[in-house]
Amino acid sequence: MTSDHAQPTVPVPSGLPADWTARVPELTDLAVLLRLRGADRLAHTGSASVDREAIESEIAGPASWTRRQLLAIDRDGVPRAWISVHDRAAGRTMVALYVDRTVEESTTVAAALYAWGEEQAREICVLREVTETRLDASPFADDTVQQQWLTAAGYTKRRTWPQMTRPVTPEEATSLPAPREGVSLRRVASHENGLPVAGDLHLVHEMLESSFEDHFNSYRESFPEFLQRLREDPGHRWDHWWLAFVEGDDGRPLAAGALVGTVLRENAEGHEGSYVEYIGVHRDARGRGVAKALLHAVIADAAQRGRDRVGLEVDADSPTGADGLYSSMGWKTDYVLESWFKDVDFSTSPSAGLP
């Protein structure tokens, strides 16, 4: 049985070991994908726990011409590697590779799949009518094997991203400080049927795009792609989206920031958590306590819902000093990811312009 939304047909990569094959993953491969991603996490975080719903969404959600995936199958018919390529914004292509490290030819497989991923990025660039993109991979900071594979494929390390968690107590549902004077917050407004007001969604997108335009590795993502990508997350909830405002010179509120949150699945103790997918403060409103107010709102909301933690990711090299803010508010680092980039220009490729 295959998914109802089959992904585009993709060519088998050259360079795989003799008698290996490759194909697009299907729903029936879910257990295999869980194993591959779980083994990767176990080796570097001490836990093989992965989000089953998230992986299922990746392979069974709405097909998109900006997403390409492939499973590499060994000569015995066993899937041994999975690569996912997602061009999430014009000029930025996310690449994730999971390889069974017990396989003797793992290095050969990795090289073949990274080359395949680059070719998929070229084809997506043709569809976008652009000639350049940045391939972006996120290995664990202590994964020396993956780092060697990326180096061989032409990637270089550029950034470090601590993954942080803060515990939440029931008392914080009502005990956290109110926003500073002149700062106000509210959730994204919704209609009577629970669907969000479109104007607020556009405002969230505008706030996040403007907040990050002077940040490292920022690429403008269209509103439809932004919305579709976040809605595909199994933890997506409209009532976890927030807007922040500051008082303008004329006394009227001005949009100053936004936060997009999601639900973290239950942990071993049976508690859900909240996760900060995005938090952005417009540069004209920085220094007024907007970020702290948004974070306090998410913590209080998590406590009110009976959750036990709030997670987030932070750019350790950001000049805004966000990591210091999070640490001061109780967040601790669980593990660290890195950003490895390869900037490619397909304009000089012999096949440039061909679909």
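See above for the structure.
Figured I'd write up the structure that's included with this text. (Residues numbered from 1 in each chain as written. Predicted model: local features only at pLDDT ≥ 70, side-chain atom pairs only at ≥ 80, totals over all residues. Heavy atoms only, no water.)

## So, the packing of helix H6 (residues 198–212) against helix H7 (residues 223–231)
How two helices sit against one another is set out by the angle between their axes and by the gap between those axes. Where H6 contacts H7, the axes come no closer than 11 Å and their chain directions differ by 100 degrees. Judged by the angle between their axes, H6 and H7 are roughly perpendicular. In this structure, H6 contributes Leu201, His202, Val204, His205 and Leu208 to the contact, and H7 contributes Phe223, Phe226 and Leu227. When its residues are assigned to classes, the contact of H6 with H7 shows six nonpolar, two polar and no charged. (Axes fitted to C-alpha atoms, helices over the stretch in contact; angles between N-to-C directions. Helix = DSSP H or I, 4+ residues; strand = E, 2+ residues; numbered from the N terminus. Parallel < 35°, antiparallel > 145°, perpendicular 65-115°, else oblique. Contact = heavy atoms within 4.5 Å. Nonpolar A, V, L, I, M, F, W, Y, C, P; charged D, E, K, R; others polar.)

## Looking at the pattern of salt bridges
Scanning all chains against the criterion turns up 27 salt bridges. Here Asp315 ties to Arg159 by a salt bridge, and the two come within 3.0 Å at their closest N and O atoms. Of the two residues, Asp315 sits in the loop between strand S11 (309–313) and helix H9 (322–328) while Arg159 sits in strand S6 (residues 156–167), which places them 156 residues apart along the sequence. Like Asp315, the residue Arg159 is buried in the burial classification. Glu221 is paired through a salt bridge with Arg229; the nearest N and O atoms lie 2.7 Å apart. Among the residues examined, Glu221 registers a relative accessible area of 3% and is labelled buried. Three or more residues joined by partner-sharing salt bridges are found here, namely Arg35, Asp74, Arg80 and Asp100. (Salt bridge = Lys/Arg side-chain N within 4 Å of Asp/Glu carboxyl O. Buried < 20%, exposed > 50% of the residue type's maximum accessible area, 1.4 Å probe, protein only.)

## Focus: the packing of helix H3 (residues 106–128) against helix H4 (residues 144–152)
Two elements in contact, H3 and H4, have axes separated by 10 Å at closest approach and are oriented at 50 degrees. Comparing their axes, H4 and H3 come out oblique. Of the two possible hands of crossing, H3 and H4 adopt the one that is right-handed. Between H3 and H4, the contacting residues are Ser106, Thr107, Ala110 and Tyr114 on the first element and Gln146, Trp149 and Leu150 on the second. Split by residue class, the contact of H3 with H4 holds four nonpolar, three polar and no charged. (Left-handed = near helix turned anticlockwise from the far one by under 90°.)

## With respect to the sheet that holds strand S7 (residues 183–187)
Taken in spatial order, the twelve strands make up an open sheet running S1-S2-S3-S4-S5-S12-S6-S11-S10-S9-S8-S7, and their pairing is mixed. Each of the sheet's edge strands pairs with one partner strand only, and the pair in question is strand S1 (21–23) and S7. This sheet shows a mean twist of 25 degrees between the axes of neighbouring strands, independent of strand direction. Note that strand S3 (residues 79–89) and strand S4 (residues 92–99) share eight bridges and pair antiparallel. Its bridge partner lying in S4, Asp87 is registered against Thr93. Packed onto the sheet, H4 meets S4, strand S5 (132–137) and strand S12 (332–345) and runs at close to 15 degrees relative to S12. Its contacts with the sheet put H7 on strand S2 (67–73), S3, strand S8 (236–247), strand S9 (253–264) and strand S10 (273–281), and the angle it makes with S8 is roughly 130 degrees. (Pairing = 2+ DSSP bridges.)

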